[in-house]
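Commentary on secondary and tertiary structure
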Amino acid sequence: MADVGMGPETAVIEGQDTESDRDPPQEAAAVQEDQDEAGLTPAKRPCLGEDGQGLRGEIDPTQADMEQEDQTTGAILHAKDNGDKDEEGATVGGSTEEEQYQQNTNGSHDGEMHPEEEKPDESADSPNEEQHLALDFSQTPQVLTSSWNEYSNFPENYLKGCKWAPDGSCILTNSADNVLRVYNLPPEVYTYNWNGLPEMSPVLKMAEGDTVYDYCWYPKMNSLEPPSCFFASSSRDNPVHIWDAFHGEVRASFRPYNHLDELTAAHSLCFSPDGSQLYCGFDKTVRVFYTERPGRDCEERPTTAKKQSGQSGIISCLGFSPCQSLYACGSYSRNAGLYSCQDGALLALLPARHHGGLTHLIFSPDGYYLYTGGRKDPEILCWDLREPGQVVFSLKRNVETNQRIYFDLDPSGRYLLSGDTEGGVSVWDTQTPAGGEELLEPHVKFQAHWDCTNGISIHPFMPLVATSSGQRQFPWPGEGDSASSCSDDEEGDGVATPIGAASRGDNGLSLWWAGPCGPPAEEQSEEVSNMRS
């Protein structure tokens, strides 16, 4: 099988010769001292530790300071300054977050995975992580490139979301054919040479055995450190899999069992901020696995007490506060709960204000606010966590199906973006409302796809937005043999679509530029260069 490169890197597909000359250049750069006399770098397989058990490159829980100070319910949202957060940060591959940042800023990592190339001039026009180009919605975002042919070989192969890698080097998608795909960010984006960008093609494909419930990146993922490049996924009737983002192989599995000792699937996944633990959502329970210890051993944290007090229903989405030692759980019982990271104690239960079960939630960067959205629910609610139960404002979108419609916040916390079932993308400026549970009108709205825009993800440090589209299509009653069974499909979105439109669903992944239309100003480049020196 021919090699498939991860952009500047090389991904090794299953069955491929690992001794090929196109091994991931990151690995070659990291092990130059191991090269043989002929100058050839031996292939590396950073999958398992030397004992064959744990994941290599993960956080050792003894290194991660998980025994943080106890917090009472009244103090759950006491904001910590950045210094406290840094002190609590865990180590990755033997280096702290600060050391990693210094390594990235002083090294060759510029957001693109090209360690084998010459280091670009620091005054070059390529955007980089240090510049953190802000989103600019003074004009409609422009589409740079897309991927659609990849989803045309399977009937109704609509997408179910997309997520940027933490280092911004690639993007992960999920689709109806139960295949997870990894796309590299096109290198032309860094040069502002956007004319005639070719259609994107995935560099990795990882097939799950059944419907994929959820997936998430390892939060410390860095393309210059191959052992840290992995993500987790959960699918029906399967254990939680850890996938290698370089080779597309399963590194390890976490196997949750129910009270009958039967394998059960997690409905939601989320790594702890330091990456040492993987939180999995189940019916009225959250199970916590240690990343470096695959298998079935886990900690069970029920969300309800014996008298049915607490948060009931399936835990459908999870998220961690960026500033406090707590996490949020959304459930299909239409509410969200806040829990302590130390012991899983319920700190606050938000009222059930949504019309449908929660499908997605996200914290603001300062940790003061929580945004929640539900299925068949037109509103995204913003909760003030300093006064649990208080809704600051609501954001209205068009959600007419049970399908999970993602939304995302930019790194500054100012702009919130969400798609809808009509293919539009709404952009809200969260700094404009005055409070009082008012309805906040969109700052900008544009048409991204003509079918449902179900996934949206903002790049970590560039003004790039990724969107995914598609939904299950149903013919009108009487238009086909399958019409009578449409309403009985438990995974259907419940939307009837004319048969003529059903065969032409807009299933694809698109990249949008929402920033300045030219390279950064020369003065800004010089300022960044001076800061580096």
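Preceding this paragraph is the structure being described.
Structural notes, computed from the coordinates. (Residues numbered from 1 in each chain as written. Predicted model: local features only at pLDDT ≥ 70, side-chain atom pairs only at ≥ 80, totals over all residues. Heavy atoms only, no water.)

Overview of unusual backbone geometry
To keep things clear, this is the line we draw: Helix numbering and strand numbering both begin at the N terminus, where a helix is a DSSP run of H or I of at least 4 residues and a strand a DSSP run of E of at least 2.
The phi dihedral of N178 is positive, around 65°, even though this residue is not glycine. Relative to the helices and strands, N178 resides in the loop between strand 5 (170-175) and strand 6 (179-184). A positive phi angle, close to 50°, is found at K376, a residue other than glycine. Mapped onto the elements, K376 comes out in the loop between strand 21 (369-374) and strand 22 (379-384).

Structural notes on the sheet that holds strand 26 (residues 424-429)
As a reminder of what qualifies: The pairing criterion for strands is at least two bridges between them, as found by DSSP. Lines fitted to C-alpha atoms define the axes here, with helix axes fitted over just the stretch in contact, and angles between the N-to-C directions of these axes take values from 0 to 180 degrees.
Taking strand neighbours across the sheet as the criterion, the four strands line up as 24-25-26-28 in an open arrangement whose pairing is antiparallel. Both edges of this open sheet fall to strand 24 (407-409) and strand 28 (444-447), since each of them pairs with a single strand only. Averaged over all neighbouring strand pairs, the angle between strand axes comes to 15°, with direction disregarded. Here three bridges tie strand 24 to strand 25 (residues 415-419), and the two strands are oriented antiparallel to one another. Within strand 25, the residue paired with L409 across the bridge is L416.

Focus on the nonpolar core
Soluble globular proteins tend to bury their nonpolar side chains together. For clarity, the cut-off: Buried Ala, Val, Leu, Ile, Met, Phe, Trp, Tyr and Cys residues that are joined via side-chain atoms within 4.5 Å together make up what is termed a nonpolar core. Burial classes follow relative accessibility: with a 1.4 Å probe on protein chains only, a residue under 20% of its type's maximum area counts as buried, one over 50% as exposed, and anything between as partly exposed. Note on contacts: a residue pair qualifies if any of its non-hydrogen atoms lie within 4.5 Å across the two residues.
Grouped together as the largest cluster of nonpolar side chains are 22 residues, with contacts concentrated most on L185, V189, M462, L464, L509 and W513. Secondary structure elements with two or more residues in this core: strand 4 (159-164), helix 4 (188-191), strand 30 (464-469) and strand 31 (508-513). With residues up to four places along the chain from it excluded, the contact list for L185 reads W164, G168, S169, C170, Y190, H459, M462, L464 and L511.

Quick look at the sheet that holds strand 23 (residues 390-396)
Read across the sheet, five strands follow the order 20-21-22-23-27 without closing on themselves; strand pairing throughout is mixed. Only two strands of the sheet have a single neighbouring strand rather than two, namely strand 20 (358-363) and strand 27 (438-440). On average, each strand axis in the sheet is tilted by 25° relative to the strand beside it, whichever way the strands run. Here strand 22 pairs with strand 23 via six bridges, running antiparallel. Across the sheet, residue L381 finds its bridge partner in strand 23, namely S394.

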